[in-house]
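Residue-level structural notes
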Amino acid sequence: MLDLINVDYSTQIPNNVGLAEDRQVLRGLERWHPGYLDWWKDMGPEGFQESLVYLRTAVSVDPKGWAKFDYVRMPEYRWGVLLAPQEEGRKVNFGQHIGEPAWQEVPGEYRAMLRRLIVIQGDTEPASVEQQRHLGKTAPSLYDMRNLFQVNVEEGRHLWAMVYLLHKYFGRDGREEAEELLRRRSGDADHPRMLGAFNEATPDWLSFFMFTFFTDRDGKMQLESLAQSGFDPLSRTCRFMLTEEAHHMFVGETGVGRVIERTCKAMKEAGIEDPNDLTKIRALGVIDLPTVQKKLNTHYPLTLDLFGSEISTNAANFYNAGLKGRFEETKIDDDHRLTESTYPVLKLVNGEIRNVDEPALTALNMRLRDDYTNDCAKGVERWNKIIAKEGVNFRLELPHVAFNRQIGEFRDVHATPSGVLLSDGDWAKARDSYLPSSSDGEFIESLMQPQTEPGKYAGWIAPPRIGIDSKSGEFEYVKIHE
Ligand code: BYC
Ligand code: FE
Ligand code: FE
């Protein structure tokens, strides 16, 4: 009898999908495994492959307790294939097949579309590990270093999740796609990762925290939409990935929160009231709030680009086919077909930014992006509460969606963070007041000195309120030389 909650360790690949009885898929994955380990050693965290890291490993998919914490050398991490338990009688919940039983096999007519969705999802996971591989060397504490590596090994597991689907359901072309996922490289001129944001650098820890706040949150939104899928194995995979994703966003939100807290406290101690007095604030060895805003201005638009064009026939086709739904699809009270309804889309009309009603089906990217923006805005308000509590007169804001975009309706225009359109010349003059300049970057880089003593934190970031797995702040989260 297959135990769908607990993980089977009898094969090299921990899983709850009965791999031991699925010889062909098991063999395929065992053949892929060495290439994965080579990739991890080449492109995973640089300089810490032999260190003992206090990591959580998924040992179950029981929501009441699925993780076990222990010291692990990262290359020995047990990356597993874990799907949320199958729901009895689950149906396709939207699109033209609404009401039909959810598919346990790939519907032939949707094979190409589904494979593409899975490959794009899979491609982002190793990309983020590549983008973050150099950050261990400048970690502000062992606690933060451990969180970085936790995120990294779980993104590795998310790659496994997609590779399992490719091997199990897509035969030879699935196996070829799985090979390609190990071949592309973030930022590589010849073999880049598929989506824009995953080819950008993550130069410092403030960028890492912004990335896990903003870009992992795109992960959340996309996974939520794919968790609605009528293709049941994809839905079950994404549902379990979402439980891990929560920690990644926690790392980002608390990371930025701790940067802000430290800056405000240092300003107060030094009697500095003006948040724009950069010279004095930077002399304290903390990151001024206007520069935090500039980092936010970098990562939010890059992530908005990951939602694709506002108007997209791809998105309409994914939905119609029952492959990719809306955020919280089953909680929405409408016909779940969207053939008659409209959705307001922000567009550029005769040089003005305006809301235009568009067919809801083709506006699904815009809708998901709006849901994402709402989710981000709540987090930004929690940051603003920290600033207000420290008595500093400053607010962080999400820039307007027309600001600094590469994809969609606003890709060819320049706009200020408040959404006023600018000429090319005015943009060139104003750019460095909106986005990090090279001197801002150099200043942040100058702060990125490692702090590897247990219980100590770099001067630009406050300690966390609580540790991981109820451990104390003094706990040695990474034993670097063991
Ligand atoms: N960069 O109709 P359009 C995560 C392409 S993050 C480059 O506008 P569509 C994670 C597009 O592929 C979640 N190319 O967009 C986070 C299409 O190409 P083709 C990842 C882009 O298809 C942190 C063309 O432009 N998962 O998990 O409706 C750490 C026209 O496309 C971009 C997913 O994204 C871009 N930004 O929507 C670790 C879910 N945007 O077909 C992990 C799966 C668009 O003409 N993906 N293009 O060659 C999707 O649902 C959709 O592919 C997208 C794009 C939402 C990404
Ligand atoms: Fe992921
Ligand atoms: Fe993530």
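Just above sits the structure.
I will try to describe carefully the structure that is included in this document. Not measured: the values here are computed from a predicted model.

Section: the overall build of the protein chain
Each helix and strand counted, the protein chain has twelve helices and seven strands in total. Computed over its C-alpha atoms, the radius of gyration of the protein chain comes to 23 Å, within 12% of the 23 Å expected for a compact globule of 482 residues. Judged by the C-alpha coordinates and their principal axes, the protein chain covers about 65 × 65 × 45 Å. Across the 482 residues in the protein chain, those meeting the buried criterion constitute 45%.

Some remarks on the site of ligand 1
Taken together, 25 residues sit near ligand 1, with Gly219, Gly308, Ser309, Ser312 and Asn314 positioned nearest. Going through the elements one at a time, α2 (111-131), α5 (205-227) and α9 (313-320) are the ones with two or more residues in the shell around ligand 1. With six residues, α2 is the single largest residue contributor to the shell around ligand 1. Of the residues in the shell around ligand 1, the class split is seven nonpolar, twelve polar and six charged.

Some points on α5
An ideal rise of 1.5 Å per residue puts 33 Å on 23 residues; α5 measures up with 31 Å between its terminal C-alpha atoms. Of all the bends found along α5, the most pronounced is centred on phenylalanine 211 and spans about 35°. In terms of residue burial, α5 counts as a mostly covered element, since 22 of its 23 residues are buried.

Examining the nonpolar core
Val81, Val163, Phe209, Met210, Val259 and Ile260 are the most contacted members of the largest nonpolar core, which totals 116 residues. Broken down by element, this core gets its largest block of residues, 16 residues, from helix α3 (residues 142-169). Setting aside residues up to four positions removed in sequence, methionine 210 forms contacts with Gly252, Val256, Lys295, Leu296 and His299.

Rules used in this analysis
- Residues numbered from 1 in each chain as written.
- Chains lettered and ligands numbered in written order.
- Predicted model: local features only at pLDDT ≥ 70, side-chain atom pairs only at ≥ 80, totals over all residues.
- Helix = DSSP H or I, 4+ residues; strand = E, 2+ residues; numbered from the N terminus.
- Rg over C-alpha atoms; globule rule 2.2 N^0.38 Å.
- Buried ≥ 20, exposed ≤ 12 C-beta atoms within 10 Å, placed from the backbone.
- Near = placed C-beta within 6 Å.
- Nonpolar A, V, L, I, M, F, W, Y, C, P; charged D, E, K, R; others polar.
- Expected span 1.5 Å × (residues − 1).
- Bend = angle between axes of the 7 residues up to and from the residue.
- Core = buried A, V, L, I, M, F, W, Y, C linked by C-beta atoms within 7 Å.
- Contact = placed C-beta atoms within 7 Å.

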